[in-house]
Each structure stands twice: as structure tokens, then as C-alpha cells.
Amino acid sequence: MIHNFQEVKLALEVKTFCTVCLKKRVRTIKDFQTLNPYNKNKDGNIKTINEIQTEVANNLIQKEKDLIKSGIICRKCEDPKV
Ligand SMILES: [Zn+2]
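Note that the structure is a prediction, hence the values are computed from the model and not measured.

**A look at the overall build of the chain**
Along the backbone of the chain there are two helices and two strands. When the helices and strands of the chain are listed from N to C terminus, the series reads β-β-α-α. For the chain, the C-alpha radius of gyration of 17 Å lies well beyond 12 Å, the compact-globule estimate for 82 residues. Considering the chain as a whole, with its 82 residues, one finds that 6% of them fall into the buried category. Across the chain, contacts joining residues at least 24 apart in sequence account for 59% of those joining residues at least 6 apart.

**With respect to helix α1 (residues 49–70)**
In a regular helix each residue adds 1.5 Å, so 22 residues correspond to 32 Å; α1 covers 31 Å between its end C-alpha atoms and thus fits that length. Once α1 ends, the next one or two residues include Gly71, with phi positive near 75°.

**Re the environment of Asn41**
Mapped onto the secondary structure, Asn41 falls in the loop between β2 (24–35) and α1. Separated by 10 residues in sequence, Asn41 and Glu51 place their C-alpha atoms 8.5 Å apart. Setting aside its immediate chain neighbours within four residues, Asn41 contacts Lys47 and Glu51.

Scoring rules and cut-offs
- Residues numbered from 1 in each chain as written.
- Predicted model: local features only at pLDDT ≥ 70, side-chain atom pairs only at ≥ 80, totals over all residues.
- Helix = DSSP H or I, 4+ residues; strand = E, 2+ residues; numbered from the N terminus.
- Rg over C-alpha atoms; globule rule 2.2 N^0.38 Å.
- Buried ≥ 20, exposed ≤ 12 C-beta atoms within 10 Å, placed from the backbone.
- Contact = placed C-beta atoms within 7 Å.
- Expected span 1.5 Å × (residues − 1).

Here it is in C-alpha cells:
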């Protein structure tokens, strides 16, 4: 049996900096959750689409804050040959 669960996928562009070259960099972060019978909230109920959207968005905002604070290592610094 094939289950085709609805997926909530969001992407966020984070403007941050590279900790190596200190240049401004943009990184796109993504997060998703699927609507399915096993994806339950704290009360034990199946999460609604709205709940999932809020959670995914909050997750990304939290990740964005962390990345702005900590910076990233850009692709050029990660692989100097490129
Ligand atoms: Zn860099």
C-alpha cells in the first residue's frame, strides 16, 4: 500500500556571514514535516496542517537566528579549489 502523505515544506533565505572569509553570505535553509497518523502533538492528537506549518516556520526562524549568530562556512572556504 502506498501512503501519500501531505507534506509541508518551507524554505528560508538567511543572510549571514562566513566565519572563515568574513564575507556576507546567503544560505537557504529548508525544513519539512508530513501530515500523517504518527505525527502527533503533545496532547497525542494528530497534528493539523496549521500546527505543522507553524512548527516548520518556527523551526526555520530558530535556525535562522542560530545561523545569524554563529555564521556559516561558505562553499568557497569549504572547498578552496572551487
Ligand atoms: Zn568563506
